[in-house]
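Listed below are the residues making up each chain.
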Amino acid sequence: QVQLVESGGGLVQAGGSLRLSCVASGSIFSIKAMGWYRQAPGKQRELVAAVTSSGGSTDYADSVKGRFTISRDNAKNTVYLQMNSLKPEDTAVYYCAQYASPRYSGADPRYWGQGTQVTVSS
């Protein structure tokens, strides 16, 4: 059974930084693409960033390009989301997700974490 456990959320002032972590278990982590999604109140869940199984290729939502960085450490079964220059509109529950394939192709993830709250105050 695959489990994804996020950590690192919290309250931060606008312009600040946070780093989210997601530890995966129950799957061969190194052959699966990973992603971070977020859902703000009253809005649909959206893709924030995705990374291929090797970590060699990444995709970002336009709203976070240049501010957020997704990375992974396959030796630790962990994917990270470094968030800099945070804005109040980044406030949301952030979810870690694992895809069924080594690359992100637009398909929905197969597994989800429980989510971690990020709140950015103005």
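Residues numbered from 1 in each chain as written. Predicted model: local features only at pLDDT ≥ 70, side-chain atom pairs only at ≥ 80, totals over all residues. Heavy atoms only, no water.

### Considering the pairing of strand β11 (residues 116–121)
Phase 1: Every second residue of β11 is oriented toward a common face, the buried set being T116, V118 and V120 and the non-buried set Q117, T119 and S121.
Phase 2: The pairing of strand β2 (residues 10–13) with β11 spans 4 bridges and is parallel. Bridge pairing links V12 to V120 in β11.
Phase 3: The pairing of strand β9 (residues 92–98) with β11 spans 3 bridges and is antiparallel. Within the sheet, the bridge partner assigned to V93 lies in β11 and is Q117. (Buried < 20%, exposed > 50% of the residue type's maximum accessible area, 1.4 Å probe, protein only. Helix = DSSP H or I, 4+ residues; strand = E, 2+ residues; numbered from the N terminus. Pairing = 2+ DSSP bridges.)

### Focus on the nonpolar core
Phase 1: Residues W36, V79, L81, M83 and Y94 are the most contacted members of the largest nonpolar core, which totals 27 residues.
Phase 2: Only β3 (18–25), β4 (34–39), β5 (46–51), β7 (68–73), β8 (78–83), β9 and β11 provide two or more residues apiece to this core.
Phase 3: Broken down by element, the residue count for this core peaks at 4 residues, all from β3.
Phase 4: Among the nonpolar cores identified, the runner-up in size contains 6 residues, and A33, A50, Y95 and A97 belong to it. (Core = buried A, V, L, I, M, F, W, Y, C linked by side-chain atoms within 4.5 Å.)

### Some details on the sheet that holds β7
Phase 1: Strand order in the open sheet formed by 4 strands is β1-β3-β8-β7, with antiparallel pairing between adjacent strands. Two strands lie at the open edges of the sheet, namely β1 (3–7) and β7, each paired on one side alone. Strand after strand, the sheet turns through a mean of 15° between neighbouring axes, direction not considered.
Phase 2: The pairing of β1 with β3 spans 5 bridges and is classified as antiparallel. When the bridges of β3 are listed, E6 appears paired with C22. (Axes fitted to C-alpha atoms, helices over the stretch in contact; angles between N-to-C directions.)

### What to know about the side chain of T78
Phase 1: Position of T78 relative to the elements: it lies in strand β8.
Phase 2: Exposure remark for T78: the relative accessible area of 5% places this residue in the buried category.
Phase 3: Engagement of the side chain of T78 in a polar contact is seen with the backbone oxygen of K76, the distance being 2.7 Å. (Polar contact = N/O pair within 3.5 Å; in protein donor to acceptor, adjacent residues only side chain to side chain.)

All quantities given are derived from atomic positions and should not be read as evidence of function.
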